[in-house]
Amino acid sequence: MNRTLNVVRMQLVNRATYIWVPLMVLGGTIVITLAIFGLIASTGNVEAAMFGGGAQAPLWYFAVVGVQALTLTFPFSQAMSVTRREFYLGTLITAALTALGLALLFVIGGFIEEATNGWGLGGYMFRLTWVWSQGAVVAGLFFFSLAMLFFVVGFCGATVYKRWGNVVLTISLIGLALLFVAGLWLIGQLQAWPEVMSWFGSLTPISLTGAMLAVAAVLAGGSYLMLRRSIA
């Protein structure tokens, strides 16, 4: 366990990847979103609350964090005689800690928006109605799960690259895109769009959170199996 925690410390040596860049992205999106809310409010034509999703950009950025977590530190960890299992566990713990910190910031932002009536402008970027419909705890879990899912997606893609190279990674991405298009085509052929949209509409924040965690767990497991045979 001590060696695994040393991996956490090693990952956090480069604080820009896990901490400063996500905070800079978050701060930049807050400023831009508030400026947009202010411009809209200044027209005097606002009759309902305004909602923006730009503040979620740091969560999406975690895909980049996942890529860098492997490509920047895996070769160094192997030079330090860290086992692949220790590197894998330490990296996931680091991601979970930073995702948890970011989720807490989003929950705090939601409380601030509630207390200030949307920053005094009627604009909301953290306290999105559907996400908060089951309370602050579920909203925090949702944001945490979303960040972890993006991280594992990036980490898994980087592991495919390390294991088989750029050609296999490119083929895999094209294959996934084709499967997605084929799925859309099949839904259209079956005229099942009403049922699909009804199913999406029935999802609750906690159910979607569970689904994201399940997908992240599957991708994380696959990443570990590939990492065991990857060459630094």
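Bear in mind that the values here come from a model prediction, so they are computed numbers and not experimental data.

## Looking at the packing of helix α5 (residues 84-115) against helix α10 (residues 205-227)
Link 1 in the chain: Between α5 and α10, the shortest axis-to-axis distance is 10 Å and the interhelical angle comes to 150°. It follows that α5 is roughly antiparallel to α10 by the angle criterion. In the packing of α5 onto α10, the handedness of the crossing is right-handed. Residues R84, R85, F87, Y88 and L92 of α5 form the contact with α10, whose own contacting residues are A220, G221, Y224 and L227.
Link 2 in the chain: Grouping the constituent residues of the contact of α5 with α10 by class yields 6 nonpolar, 1 polar and 2 charged.

## Some points on the packing of aromatic side chains
Link 1 in the chain: Within this structure, the stated rule accounts for 11 aromatic pairs.
Link 2 in the chain: Seen in terms of ring centroids, F151 and F155 are 6.1 Å apart; in terms of plane orientation they differ by 15°. Their pairing is stacked. One end of the pair is F151 and the other is F155, both in helix α7 (residues 136-164) and 4 residues apart, which spans about a single turn. Considered together, F151 and F155 belong to a single accessibility category, that of buried residues.

## Regarding the side chain of T73
Link 1 in the chain: Relative to the assigned elements, T73 resides in the loop between α3 (57-71) and α4 (74-79).
Link 2 in the chain: Among the residues examined, T73 registers a relative accessible area of 12% and is labelled buried.
Link 3 in the chain: The residues contacting T73, other than those within four sequence positions of it, are M10, Q11, Q68 and F87.

## Digging into helix α1 (residues 2-11)
Link 1 in the chain: Residues T4, V7, V8, M10 and Q11 constitute the buried set of α1. Here the buried residues of α1 occupy an arc of 160° about the axis, which is enough to place them on one side. In α1, the exposed positions that point more than 90 degrees away from the buried face belong to N2 and R9.

## Examining the nonpolar core
Link 1 in the chain: Counting residues in each nonpolar core, the largest one holds 45 residues, and the members touching the most others are F87, F143 and F151.
Link 2 in the chain: Elements that contribute at least two residues to this core include exactly α1, α2 (15-42), α3, α5, α7 and α10.
Link 3 in the chain: The greatest single-element share of this core, amounting to 12 residues, is contributed by α7.
Link 4 in the chain: With near-sequence residues (within four places) excluded, F151 lies in contact with Y18, F62, A63, V65, G66, A69, T91, L92 and A95.

## Details of the environment of L121
Link 1 in the chain: With respect to the element layout, L121 can be found in helix α6 (residues 118-122).
Link 2 in the chain: Taking relative accessible area as the criterion, L121 reaches 31% and is therefore assigned partly exposed.
Link 3 in the chain: Taking the C-alpha atoms as reference, L121 lies 6.8 Å from G38; in sequence the two are 83 residues apart.
Link 4 in the chain: Residues contacting L121, with those up to four places away along its chain left out, are L34, F37, G38, A41 and M50.

Scoring rules and cut-offs
Every residue gets a number counted from 1 within its own chain, in the order that chain's sequence is written. For a predicted model such as this one, the threshold for reporting local features is a pLDDT of at least 70, and the threshold for listing and counting side-chain atom pairs is 80 or more; totals across whole chains, interfaces and linings nevertheless cover every residue. Only heavy atoms go into the side-chain values, all of them from the structure, while hydrogens and water stay out. Lines are fitted to the C-alpha atoms to define the axes, a helix being fitted only along its stretch in contact, and any angle between axes, read from their N-to-C directions, falls within 0 to 180 degrees. The helix count covers DSSP runs of H or I at least four residues long, the strand count covers runs of E at least two residues long, and both are numbered beginning at the N terminus. Angular relationships are summarised with four words: roughly parallel below 35 degrees, roughly antiparallel beyond 145, roughly perpendicular across 65 to 115, and oblique for the angles in between. In this scheme the crossing of two helices becomes right-handed for a clockwise turn of the near helix relative to the far one and left-handed for an anticlockwise turn of less than a right angle. For this analysis, residues touch if any pair of their heavy atoms sits within 4.5 Å. Lys, Arg, Asp and Glu make up the charged group, whereas Ala, Val, Leu, Ile, Met, Phe, Trp, Tyr, Cys and Pro make up the nonpolar group; the residues left over, Gly among them, are polar. Planes of paired rings set the category: under 30 degrees apart is stacked, over 60 is edge-to-face and the rest tilted, where pairs are Phe, Tyr or Trp rings (Trp by its six-membered ring) whose centres lie within 6.5 Å. Classification of residues uses two cut-offs on accessible area relative to the type maximum, computed with a 1.4 Å probe and protein chains only: under 20% is buried, over 50% is exposed, and between them is partly exposed. Here, the arc refers to the directions that run from the helix axis to the C-beta atoms. In this description, a nonpolar core means a group of buried Ala, Val, Leu, Ile, Met, Phe, Trp, Tyr and Cys residues linked to one another through side-chain atoms lying within 4.5 Å.

The values reported here are purely geometric and, on their own, carry no functional implication.
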